[in-house]
Amino acid sequence: MTIEQTVEIPASHRLMIDVPRDIPTGRTILAFTPAPVGEDIGMDGECHMDHTPNAETAAAIREGRAMMRGEIPSPTFHSLEELLADLRS
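Analysis parameters
Residues numbered from 1 in each chain as written. Predicted model: local features only at pLDDT ≥ 70, side-chain atom pairs only at ≥ 80, totals over all residues. Heavy atoms only, no water. Helix = DSSP H or I, 4+ residues; strand = E, 2+ residues; numbered from the N terminus. Contact = heavy atoms within 4.5 Å. Areas by Shrake-Rupley, 256 points an atom, 1.4 Å probe, with all protein chains shown as cover. Patch = residues over 30% accessible without salt bridge, like charges linked within 9 Å, V, L, I, M, F, W, Y side chains within 5 Å. Salt bridge = Lys/Arg side-chain N within 4 Å of Asp/Glu carboxyl O. Buried < 20%, exposed > 50% of the residue type's maximum accessible area, 1.4 Å probe, protein only.

> What is the right way to look at the overall build of the protein in this model?
Each helix and strand counted, the protein has two helices and zero strands in total. Sequence-distant contacts in the protein: of pairs separated by 6 or more residues, those separated by 24 or more amount to 19%. Just so you have it, the protein exposes about 8400 Å², and 56% of that area is on carbon and sulfur atoms.

Spelled out as structure tokens, the structure:
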């Protein structure tokens, strides 16, 4: 299971992390990767909604943008049934 969240690093470089209760206790690995400019939720790096999307939604947004840029192929469907089967999987 992977949990991903984009955060702002403050000048103090100190973060407080709340872990969702459904994550099992025990050892884990935290990885820090700088977010590319313009690759955040909004094109300018800002979220223009009243909330921050969860990790699954943010990943879907990034995947859709990569498809629009042609970096990954977008799926094609020949029928509604194919589309619905893909959505269910």
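> Help me understand a nonpolar patch on the surface, please; the structure alone is not making it clear to me.
Taken together, V7, I9, L15, I17, V19, L30 and F32 make up a surface patch of nonpolar side chains, about 690 Å² in accessible area. On the secondary structure map, V19 appears in the segment before α1 (55-68). For V19, a relative accessible area of 55% corresponds to the exposed category.

> What's the story with the environment of E63 in this structure? I'm lost.
Relative to the helices and strands, E63 is located in helix α1. Measuring from C-alpha to C-alpha, the distance between E63 and S74 comes to 9.4 Å, with 11 residues separating the pair along the chain.

> Looking at this model, I keep getting lost on the environment of L15. Mind explaining?
With respect to the helices, strands and loops of the structure, L15 is situated in the segment before α1. Apart from the residues within four sequence positions on either side, L15 is in contact with V7, E8, I9, P10 and F32.

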